[in-house]
Amino acid sequence: MVERKVEYSSIELLASVASRMLEDKKSVFVGTGLPMVAAMLAQKTHAPNLLIVFEAGGIGPLIPVLPISVGDSRTFWKAVAASSMHDSMSISQAGHLDYGFLGAAQIDMYGNINTTVIGPWEKPKVRLPGSGGANDVGSLCHRTIIIMRQEKRKFVEKVTFLTTPGYLTGPGAREKAGLPEGTGPYRVITQLGVYGFDESTKRMKLISVHPGVTVEDVKANTGFELLIPEAVTETQPPSREELEILRKEIDPTGMVLGH
Amino acid sequence: MEILEEGSGELLGWHDPDEMRRWVLQNKSRELKDKTMDVKEAVSRFVHDGDVIAIGGFGHVRIPMALIYEIIRQKKRNLALLAKTAVHDADMLIASGCVSKVEVAYCFGHELRGLSPASRRAVETGRCKVVAEISNAGFQWRFLAAMMGVPFIPTRVMLGTDTLKHSSAKVVRDPFTGKPICLLPACYPDVAIIHVHRCDVYGNAQIDGILVEDFELARAARRLIVTTEEIVDNERIRDEPWRTVIPFFTVDAVCEVPFGSHPCEMPRMYFSDEEHIAEWLRLSRTDEGVQQYLEKYVYGVDNFEDYLELVGGVKKLNYLKKVEMLKAPMKAPWAKR
C-alpha cells in the first residue's frame, strides 16, 4: 500500500513545529492564538505534564477547547490554580517559567519585537494593541519562542518601536539593562523556517527550512543579514495524528487554523 | 538612588501616599451601610468628566458592561482610560467619544478576533491620544503599589525598551544589587468599575475563578462601583470570609445586574456572545455604523433588562450558559476562513 501524502496548511505546520519545542515537565507562559494552539497540542501529544501558565491567572489547566482570550474560563479549566495576574507575573519574575510564547508584528536580528505601532508613535500609521503581557514574558521567562509571519517588512533591520526585549543591541545588553540573567529569545518560527540565535553574536540564524522552502526564499523574505550555517536541515512536517488533534479537538471552529 | 533613565509618558493617577491617606480618611467610610443603587445613579454620582478610570476583569472576561453602556448614555467626556488589557469595554468607550486619552498595556484589539476598527480609527486620526505605554505586569504592579500605600514598586520588566521610554516609569540603580531596576509609580484611579459573581448590600464581594488584578485595583481606586450578578445576604459572606476578594470599605456603590457582563463572558455562568461581538466588529468599521449600533443597543434602551431582551432574551442567554459549560459548541462568526 502506498502511503498517502499528508496535506497540511502552513499554519498547521507552525503549530506542530512550535508544539514540539515544548518539553514535558517544563512550564510555559502562553499568549493568545497560535501559542495556545501549540501548547495544547504539546499537552495532548508528547508533553502531558506541560505546565501551562496564563497571565490573567490560569495556572496548570487541562484546556478543553481553544480559548479566545488568555483570560477566559478555558484558561483555568481543571487547572491547579485560578489565581491572579500578580501571581502569574511574580512567579515569572522569580524564575519559575521555562518558556514564554509570543507573537509579533515586527522582529529584528536580535529578536527585539514590535507589537505597539507602525509609523511614528506620536502619529501612528497603524496602531497595534501594545505590549500586553509580551514585554513581561520576553523579560522574565528563561527562553522566549516567537511565532510570526515572515515577510521583508516584518523581518526588519530596526523595529519601529521596541515593545519587547530580545537581545537589544547584542551580547550582554540585556544584563546591562537590568533584565534577568540568561534570558532572551530562543527560537523564531515562521511559515518558512525555524531560527535560533548565535551564541556569541546573539544574532538570528537559520536552523531549518520547511518542506518546499529554499534558503533563497528565506533570504528574500528577510530585511536584515541573517546568519546561514553550512548545514540547514528540513523541518519535520506535522504528523497525521497531530493534524487530527489540531482540527478535531483543538480548533474545530477554525478560529486560528482557519481550515 | 542614581536615576539612570526616565520614561516620558504622562503620569496618570499618581498621588503622594500621604495625600492619598488623607483622601481615604476623609472620603472612605468604615460604616456597614447599604450601598445598593441602580447603575444610573452609580454612574452619575461616581463617574465624572475627566476622571482617570480603570475597568476590572480582563479582555472579554467579567466586564461591567452595564456600567459601560450607562457611561456612554450619560455622555461622560474626557475620561483617561487605564487600558490594562481593555478590549470590548475600551473599544466602546473610545468609539462613543467618552475617552480622550489612554495609557496602554493592551488596547485597540479584540484578542483572537482581530484589531478594533473603531478605537484604532480614533487613535490614528488623533481623536483619542495614547499618553503612555506600559506592560500588563506593569499596570498590575502600579495598582499593587497604590494598594500598599507606597509611592512606587521595583520590577524587572520593561527594561531596555521603547515601552519604558514612553511609560511613566523610571530606572534607577538598585542599592542592594547594584543592577538597574525599573520603578513603577503607584496608580490610584479616580474611579474603578468591577463586575463580580456575588456581593452583599455593603459591598463585600466574591469572584469565582481568576481574579486578574481586581484584588489590587479595588484597593487602589479612590471610588469603586461594583456590579454583581446577584446580591447575597451578609451571612453568606461571613460563612466563608476567605472568599471575600473586595471588602466593603473600598466600595462606594453596589448595583445588582444579572448578565451584567454581556456580551462578555462571566466565568462558570455564561460565555461571551460572539454573534453580538461580531455585529459590533462589523458595524464599527465606519463611524456611521458605530452610531447605528449605539442608537440601537445603548441610547435606544432605558435599562439593561431591555437590552438583554433586544440581544436575544432568555433563549440567547440559555445558549450562552450552555456554551460556557461546554454543553454547546461556540460560534466564531468573525473567524477568518
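Quantities reported herein were computed from a predicted structural model and do not represent experimental measurements.

Trainee: Tell me about the overall build of chain A, and please be specific about residues and values.
Mentor: Per the secondary structure count, chain A includes seven helices and 14 strands. Within chain A, the proportion of its 259 residues that are buried is 56%. Here the contacts in chain A between residues at least 6 apart in sequence split such that 65% fall between residues at least 24 apart.

Trainee: Any details on helix α2 (residues 39-46) of chain B? Residues and values, ideally.
Mentor: Residue and element names in this part refer to chain B. Along α2, the residues classified as buried are V39, A42, V43 and F46. The buried residues of α2 occupy an angular sector of 95° when projected down its axis, which confines them to one face. Packed against the buried residues of α2 are α3 (65-73), β9 (191-199), β11 (223-231) and β13 (253-256).

Trainee: Explain the packing of α3(B) against helix α11 (residues 287-299) of chain B residue by residue, including any values.
Mentor: Residues and elements named next belong to chain B. At their nearest, the axes of α3 and α11 sit 10 Å apart, and the two run at 115° to each other. One element, α3, and the other, α11, form an angle in the roughly perpendicular class. Every pair of crossing elements has a handedness; the one defined by α3 and α11 is left-handed. Taking contact as the criterion, the partners of Y69, I72 and R73 in α3 are, on α11, L294, V298 and Y299. Looking at the contact of α3 with α11, its residues break down into five nonpolar, no polar and one charged.

Trainee: Give a detailed account of the interface of chain B and chain A, specifying residues and quantitative values.
Mentor: With 53 residues of chain B at the interface, the matching set in chain A holds 51 residues. Sorting the residues of the side of chain B that touches chain A by element identifies α5 (117-124), α6 (136-148), α7 (162-165), β8 (180-185) and α8 (214-220) of chain B as the ones contributing at least two each. For the side of chain B that touches chain A, the element with the most residues is α6(B), which contributes four residues. Looking at the side of chain B that touches chain A, its residues break down into 26 nonpolar, 13 polar and 14 charged.

Trainee: A description of the nonpolar core should follow, citing residues and the corresponding values.
Mentor: Within the largest apolar cluster, 193 residues are counted, with the highest numbers of intra-cluster contacts made by A:V37, A:A39, B:L81, B:L93 and B:V226. By residue number, the principal contributor to this core is helix α2 (residues 34-44) of chain A, which donates eight residues. Apart from residues no more than four positions distant in its own chain, B:L93 is found in contact with B:I68, B:I71, B:I72, B:L79, B:L81, B:C98 and B:V99.

Trainee: Tell me about the sheet that holds strand β7 (residues 170-173) of chain B, and please be specific about residues and values.
Mentor: The strands making up a sheet are joined through hydrogen bonds of the backbone, oriented either antiparallel or parallel. All names here are of chain B. Overall, antiparallel pairing links the four strands, which are arranged β1-β7-β8-β6 in an open sheet. Since the sheet does not close on itself, it has two edges, and those belong to β1 (3-6) and β6 (152-155), each with one partner. The mean inter-strand angle of the sheet, taken between neighbouring strand axes irrespective of direction, is 30°. Its contacts with the sheet put α6 on β6 and β8, and the angle it makes with β6 is roughly 140°.

Trainee: Could you give an account of helix α3 (residues 85-93) of chain A, naming the residues involved and the relevant values?
Mentor: For α3(A), the set of buried residues is A:M85, A:S88, A:M89 and A:S92. The arc enclosing the buried residues of α3(A), seen along the axis, measures out at 90°, which places them on a common side. Buried residues along α3(A) sit against β1 (27-30), β2 (51-53), β3 (58-59) and α4 (134-140) of chain A together with α6 of chain B. In the segment just after α3(A), A:G95 is the residue with positive phi, at about 100°.

Trainee: Which residues make up the environment of A:G178, and what values go with them?
Mentor: Within the secondary structure, A:G178 is located in the loop between α5 (173-177) and β11 (185-189). A sequence separation of 80 residues divides A:G178 from A:G258, and the C-alpha atoms of the two residues are 41 Å apart. Beyond its immediate chain neighbours, meaning those up to four positions away, A:G178 contacts B:R156, B:L159, B:V171, B:K179, B:P180 and B:I181.

Trainee: Outline the environment of A:D217, listing residues and values.
Mentor: Residues and elements named next belong to chain A. As for its placement among the helices and strands, D217 is situated in helix α6 (residues 215-220). On the neighbour-count criterion, D217 (15 C-beta atoms within 10 Å) is partly exposed. Linking D217 and L257, residues 40 residues apart in sequence, is a C-alpha distance of 23 Å.

Trainee: Explain the pairing of strand β3 (residues 79-83) of chain B to me, using residue names and the numbers behind them.
Mentor: All names here are of chain B. By the criterion of burial, β3 is predominantly enclosed, with five of the five residues buried. Of the two faces of β3, both are covered, the one formed by L79, L81 and A83 as well as the one formed by A80 and L82. Strand direction decides the pairing type here: strand β2 (residues 52-55) and β3, joined by two bridges, are parallel. Its bridge partner lying in β3, V52 is registered against A80.

Trainee: Summarise the packing of helix α4 (residues 88-95) of chain B against α5(B); cite the residues concerned and give the values.
Mentor: Residue and element names in this part refer to chain B. With their axes 8 Å apart at the nearest point, α4 and α5 run at an angle of 55° to one another. Relative to α5, the element α4 lies oblique. Between α4 and α5 the crossing geometry is left-handed. Contact residues: α4 offers A90, D91, I94 and A95, while α5 offers A118, S119 and A122. In terms of residue class, the contact of α4 with α5 is made up of five nonpolar, one polar and one charged.

Trainee: An account of unusual backbone geometry is requested, with residue identities and associated values reported.
Mentor: Residues and elements named next belong to chain B. The omega torsion of the bond from H262 to P263 falls at 10°, within 30 degrees of zero and hence cis. You can see P263 is positioned in the loop between β13 and α10 (274-283). Positive phi outside glycine occurs at V212, with the angle close to 55°. Of note, V212 is situated in the loop between β10 (205-206) and α8. Even without being a glycine, F259 presents a positive backbone phi close to 60°. Tracing the chain through its elements places F259 in the loop between β13 and α10. Take F259: there are 22 C-beta atoms within 10 Å of it, and that puts it in the buried class.

Trainee: Give me the confidence of the model for chain B: which residues, what numbers.
Mentor: Summing up the model confidence of chain B, the mean pLDDT is 97 and the portion of residues at 70 or higher is 99%. Interface scoring of the predicted complex returns ipTM 0.96; its pTM is 0.97.

Trainee: Describe the pairing of strand β13 (residues 204-209) of chain A, and please don't skip the residues or the numbers.
Mentor: All names here are of chain A. Bridge count between strand β12 (residues 193-197) and β13: five bridges; the pairing is antiparallel. Residue pairing across strands places G196 opposite K205, the latter belonging to β13. Hairpin remark: β12 followed by β13, antiparallel, with six residues in the connecting loop; positive phi at K202, about 60°. Examined bridge by bridge, β13 and strand β14 (residues 233-234) share two bridges and lie parallel to one another. Among the inter-strand pairings, S208 is bridged to a residue of β14, identified as T233. Since β13 and β14 lie parallel, the crossover through α6 that links them has a hand, and here it is right-handed.

Trainee: Talk me through the environment of B:E240; I want residue IDs and the actual numbers.
Mentor: Residue and element names in this part refer to chain B. Along the chain, the position of E240 falls in the loop between α9 (234-239) and β12 (244-246). Exposure remark for E240: the 9 C-beta atoms within 10 Å place this residue in the exposed category. C-alpha separation for the pair E240 and Q206, spaced 34 residues apart in sequence, amounts to 9.8 Å.

Quick notes on the rules
- Residues numbered from 1 in each chain as written.
- Chains lettered and ligands numbered in written order.
- Predicted model: local features only at pLDDT ≥ 70, side-chain atom pairs only at ≥ 80, totals over all residues.
- Helix = DSSP H or I, 4+ residues; strand = E, 2+ residues; numbered from the N terminus.
- Buried ≥ 20, exposed ≤ 12 C-beta atoms within 10 Å, placed from the backbone.
- Contact = placed C-beta atoms within 7 Å.
- Arc of directions from axis to C-beta.
- Axes fitted to C-alpha atoms, helices over the stretch in contact; angles between N-to-C directions.
- Parallel < 35°, antiparallel > 145°, perpendicular 65-115°, else oblique.
- Left-handed = near helix turned anticlockwise from the far one by under 90°.
- Nonpolar A, V, L, I, M, F, W, Y, C, P; charged D, E, K, R; others polar.
- Core = buried A, V, L, I, M, F, W, Y, C linked by C-beta atoms within 7 Å.
- Pairing = 2+ DSSP bridges.
- pLDDT = per-residue confidence, 0-100.
- Right-handed = clockwise from strand over helix to strand, strands pointing away.

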